[in-house]
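Structural overview
Residue strings, one per chain:
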Amino acid sequence: MGAIIKNKTIVTDDWAVLRLEADQTPADVTVAPGKIIVPLKVWQAQRETLQQRPEIGVWLASDERPEELKDDIQKFSVIAVDFPKFSDGRGYSIAYNLRARLGYSGELRAIGDVLRDQLFYMRRVGFDAFATRPDRSIEEALKGLSDFSEVYQTAIDQKLPLFRRVNRQGNPAADKVND
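Quick caveat, the model's predicted, so the values are computed rather than measured. (Residues numbered from 1 in each chain as written. Predicted model: local features only at pLDDT ≥ 70, side-chain atom pairs only at ≥ 80, totals over all residues. Heavy atoms only, no water.)

Summing up its helical and strand segments, the protein has seven helices and eight strands in all. Referenced to the eigenvectors of the C-alpha coordinate spread, the extents of the protein come out at roughly 70 × 35 × 25 Å. Nonlocal contacts in the protein, meaning residues at least 24 apart in sequence, comprise 47% of its contacts between residues at least 6 apart. As presented, the protein carries roughly 10100 Å² of accessible surface, and 50% of it is formed by carbon and sulfur atoms. Distance from the positive charge centre (26 side chains) to the negative charge centre (27 side chains) of the protein: 6 Å. (Helix = DSSP H or I, 4+ residues; strand = E, 2+ residues; numbered from the N terminus. Contact = heavy atoms within 4.5 Å. Areas by Shrake-Rupley, 256 points an atom, 1.4 Å probe, with all protein chains shown as cover. Lys, Arg positive; Asp, Glu negative; His and termini not counted. Charge placed at Lys NZ, Arg CZ, Asp CG, Glu CD.)

Glancing now at the environment of Pro84. Mapped onto the elements of the fold, Pro84 is located in the loop between strand 6 (78–83) and helix 3 (90–101). In the structure, Pro84 is positioned 27 residues away from Ile111 in sequence and 8.5 Å away in space, judged by C-alpha atoms.

Here we take up helix 3. Under the 1.5 Å per step criterion, the end-to-end length of helix 3 is 16 Å for 12 residues, consistent within 8% with the ideal 16 Å. Those residues of helix 3 lying buried are Gly91, Ile94, Ala95, Asn97, Leu98 and Arg99. Buried residues in helix 3 make contact with strand 5 (56–60), strand 6 and strand 7 (107–112). Two residues or fewer after helix 3 comes Gly103, characterised by a positive phi angle close to 70°. (Expected span 1.5 Å × (residues − 1). Buried < 20%, exposed > 50% of the residue type's maximum accessible area, 1.4 Å probe, protein only.)

With that settled, the discussion passes to the side chain of Ser62. Within the secondary structure, Ser62 sits in the loop between strand 5 and strand 6. With relative accessibility at 10%, the residue Ser62 sits in the buried group. In this structure the side chain of Ser62 is engaged in a polar contact, spanning 3.0 Å, whose partner is the side chain of Asp88. Contact partners of Ser62, with chain neighbours within four places excluded, come to Asp82, Pro84, Asp88, Arg90 and Ile94. (Polar contact = N/O pair within 3.5 Å; in protein donor to acceptor, adjacent residues only side chain to side chain.)

What follows is the structure in structure tokens.
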């Protein structure tokens, strides 16, 4: 078992991620027992069988739409979003949509090419767990969550912009803006 960052702490990862081999199809792949995160296409192909399992998660590729899970979203205690390479930012939009539009409240995990420099921004759009690249230090990656002490913009983790949160003493005009 590896380790992940979850809720700003390094913990043992007790979930396995199923990735299809070139010769496997979503309908025919055998899903091992235990806590396992399956690709969306496997969930769709084997939904009747998999929904009977209490410990099943699903992961989305960067070109898949989170709306495909809208009827099943609360069945999953973990949903992961795959980042095939660090420069592919589509996973940020997927995470935001899962939290803000679809109301997902379970664990939202970033998997794939996840690096320290991304963690702070990933948390802002709703990720609360990170499976960082195994060739990098997870302890070093954890520091990425505290790279910045304050944020200006609104996001999933902060509903008010900075100018609405700052109490400006002695400036009546600014106080009216903050009301």
